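# A look at the structure
Chain by chain, the residues:
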Amino acid sequence: MSVTKHEIHNKGTMREQTLLAQQLIRGGLVLLMVVMFLMGSFAVAAPSALRITIGTFAPYYSPTLVHIGTGTPISWDNPTADLHSITHDGCKTGERCAFDSGPLGPNGTFTVPHLTPGSYSYHCSFHPIMRGVLVVVPSGSSSET
Ligand SMILES: [Cu+2]
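Residues numbered from 1 in each chain as written. Predicted model: local features only at pLDDT ≥ 70, side-chain atom pairs only at ≥ 80, totals over all residues. Heavy atoms only, no water.

Across its full length, the protein chain carries two helices and nine strands. Listing each helix as α and each strand as β along the protein chain from the N terminus yields α-β-β-β-β-β-α-β-β-β-β. Per-residue burial over the protein chain gives 29% buried out of 145 residues. In the protein chain, 61% of the contacts between residues at least 6 apart in sequence involve partners at least 24 apart. In the form shown here, the protein chain has an accessible surface area of approximately 9,400 Å², with 66% of it arising from carbon and sulfur atoms. (Helix = DSSP H or I, 4+ residues; strand = E, 2+ residues; numbered from the N terminus. Buried < 20%, exposed > 50% of the residue type's maximum accessible area, 1.4 Å probe, protein only. Contact = heavy atoms within 4.5 Å. Areas by Shrake-Rupley, 256 points an atom, 1.4 Å probe, with all protein chains shown as cover.)

Structure below.
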């Protein structure tokens, strides 16, 4: 009789231990999720470059119109077989020249790390029909159209 009681008591303890283990695992999973969420937040906080793809046909710069925060770098990729350039219009009109990639060959990338707020229209010096616009706003937010 007393053996049976002892067994029951053991089963109860084991059940409690199993519950405790489950709670520990659950707590560990929650902690892991919190850590992953925080890491995700930090990844978002660090600005990744906004990428614009150069094309042989319209739209030659895709996206053509970009609204971007001051802290976000902008990169142009040239997957075409031709030379192109990313030339701020100011470089040709004699105004302030904010950026000019010079000849950008196939598979080349040109990056502008930082621009002060303002509107920047640019073109390709090899193909003046190629045109794009950057609108830089004083924030970390960005959007593209
Ligand atoms: Cu071009």
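What follows deals with the coordination of the copper ion. Coordination of the copper ion by the protein involves His84 (ND1), Cys124 (SG), His127 (ND1) and Met130 (SD), with metal-donor separations of 2.0 to 2.5 Å. With four donor atoms in place around the copper ion and angles of 93 to 134° between them, the coordination shape is tetrahedral. Read from N- to C-terminus, the donor residues coordinating the copper ion fall into the pattern H-x39-C-x2-H-x2-M. Relative accessible area serves as the criterion here: at 2%, Met130 is assigned to the buried category. (Donors = N, O, S within 2.8 Å, 3.2 Å for Na, K, Ca; no water. Tetrahedral: all angles 85-135°; square planar, octahedral: opposite > 155°, others 65-115°.)

Structurally, Ser121 can be placed in strand β7 (residues 118-123). Sequence spacing of Ser121 and Val135 is 14 residues, and the spatial spacing of their C-alpha atoms is 8.4 Å. If sequence neighbours within four positions are ignored, Ser121 has contacts with Thr87, His88, Asp89, Arg131, Gly132 and Val133.

The strand order across the open sheet built from four strands is β2-β1-β4-β6, with neighbouring strands paired in mixed fashion. On the outer flanks of this sheet lie β2 (61-62) and β6 (108-112), each paired with one strand and no other. (Pairing = 2+ DSSP bridges.)

Per the stated rule, a full pass over the model turns up one disulfide. Here Cys91 connects covalently by a disulfide to Cys97, the sulfurs 1.9 Å from one another. Disulfide Cys91-Cys97: the torsion about the S-S bond is 80°, which places it as right-handed. (Disulfide = S-S within 2.5 Å.)

Before going further, it helps to examine the nonpolar core. Counting residues in hydrophobic clusters, the biggest one holds 21 residues, and the most contacted among them are Ile52, Tyr61, Trp76, Ile86, Phe99 and Leu134. If you list the elements that add at least two residues to this core, you get β1 (50-54), β3 (65-69), β4 (74-78), β6, β7 and β8 (131-137). A total of three residues in this core trace back to one element, the largest contributor, which is β1. Those residues in contact with Ile52, other than ones at most four positions away along the chain, are Tyr61, Ser62, Pro63, Val66, Ile74, Ser75, Trp76, Asp77, Tyr122 and Leu134. (Core = buried A, V, L, I, M, F, W, Y, C linked by side-chain atoms within 4.5 Å.)

Attention now moves to the pattern of salt bridges. Opposite charge on two side chains makes pairing possible when the charged atoms of those side chains draw close. Summed over the entire model, instances satisfying the criterion amount to two salt bridges. For Arg51, the salt bridge identified is with Asp77, shortest N-O distance 2.9 Å. Highlighted residues: Arg51 in strand β1 and Asp77 in strand β4, separated in sequence by 26 residues. Taking the relative accessible area as the measure of exposure, Asp77 reaches 19% and is therefore buried. Notably, a salt bridge pairs Asp89 with Arg131, separated by 2.4 Å at the nearest N-O pair. Here Arg131 lies in strand β8 and Asp89 lies in the loop between β5 (87-88) and α2 (90-93), a separation of 42 residues in the sequence. Using a relative accessible area of 16% as the deciding quantity, one classes Asp89 as buried. (Salt bridge = Lys/Arg side-chain N within 4 Å of Asp/Glu carboxyl O.)

Purely geometric numbers; function is a separate question.
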